[in-house]
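Given next are the chains, with one letter for each unit.
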Amino acid sequence: MTEKDTELRVSKIRDGTVIDHVSAGEALHVLAILGIDGSGGESVSVGMNVPSETMGHKDIVKVEGREMSEAELDVLSLIAPDATVNIVRDYEVAEKTQIEPPEQVTGLLTCPNRHCITNAGEPVATRFDVIDDGVRCAYCETIVREDITDHLAV
Ligand SMILES: [Zn+2]
């Protein structure tokens, strides 16, 4: 299958989001970021290890009736830096975004440090600075390198 065939196939949702060029094996993490576990009734298609001309293999996630927020894109960029996000409206790609890691992510991750002020029941939104190999809590400087998706606040 060529890349073009794949793009034709993924364009067939009516309204929603197609997240393409996700690193092979990361599709389920993408669903976790979107807070989708099937219980919400969304129509979701996941392609895993789809042949890709540019990546060898890749994952694709299609979600009907859902667009991604800026904050979700920020976290997505941490685990799938090469992903492209296509917003589909009425079967056409309305917006195509190449995501870029932000300098900070706010509100979407929880701090693993139990003593961090963000875990103290205060009305403080979590804030993490993006560093080369992970993220660092802006309050207590705890660093999360791996399993970022284990710390999703959603
Ligand atoms: Zn912290």
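- Going by an unreviewed UniProt entry, the protein carries the name Aspartate carbamoyltransferase regulatory chain and comes from Halarchaeum acidiphilum MH1-52-1.
- According to the UniProt record, the Function (unreviewed entry) comment for the protein reads "Involved in allosteric regulation of aspartate carbamoyltransferase."
- The UniProt entry for the protein carries the following comment under Sequence similarities (unreviewed entry): "Belongs to the PyrI family."

1. So, the nonpolar core
Then step 1. Core analysis: the biggest nonpolar cluster contains 32 residues, and I19, V30, L76, V85 and F128 have the highest contact counts within it.
Then step 2. Put simply, the parts of the chain that give this core at least two residues each are β1 (16–23), α2 (27–33), β3 (56–64), α3 (70–79), β4 (84–89) and β8 (134–137).
Then step 3. Among the elements that line this core, the one with the most residues is α3, at five residues.
Then step 4. Looking at this core, you find at least three residues from each of domain 1 (3–98) and domain 2 (104–151).
Then step 5. For V85, the residues in contact, after removing those within four places along its chain, are T17, V18, I19, M68, L73, L76, E95, K96, T97 and I99.

2. Focus on the pairing of β1
A regular strand carries its side chains on alternate faces of the sheet.
Then step 1. Of all the eight residues making up β1, seven are buried; the element is thus mostly covered by neighbouring parts of the structure.
Then step 2. Pairing geometry for β1 and β3, over six bridges, is antiparallel. From the neighbouring strand, I19 faces β3, where its bridge partner is V61.

3. A closer look at the sheet that holds strand β6 (residues 104–106)
Then step 1. Taking strand neighbours across the sheet as the criterion, the four strands line up as β6-β7-β8-β9 in an open arrangement whose pairing is antiparallel. The strands lining the two open edges of the sheet, one partner per strand, are β6 and β9 (143–144).
Then step 2. Direction of pairing for strand β7 (residues 127–131) relative to β8: antiparallel, over a ladder of four bridges. Bridge pairing in β8 places D129 opposite R136.
Then step 3. Those strands touched by α3 are β6, β7 and β8, and its axis lies near 130° from that of β6.

What counts as what
Residues numbered from 1 in each chain as written. Predicted model: local features only at pLDDT ≥ 70, side-chain atom pairs only at ≥ 80, totals over all residues. Heavy atoms only, no water. UniProt positions renumbered as here; feature names shortened; annotations may be inferred. Core = buried A, V, L, I, M, F, W, Y, C linked by side-chain atoms within 4.5 Å. Buried < 20%, exposed > 50% of the residue type's maximum accessible area, 1.4 Å probe, protein only. Helix = DSSP H or I, 4+ residues; strand = E, 2+ residues; numbered from the N terminus. Domains from an automatic or database assignment. Contact = heavy atoms within 4.5 Å. Pairing = 2+ DSSP bridges. Axes fitted to C-alpha atoms, helices over the stretch in contact; angles between N-to-C directions.

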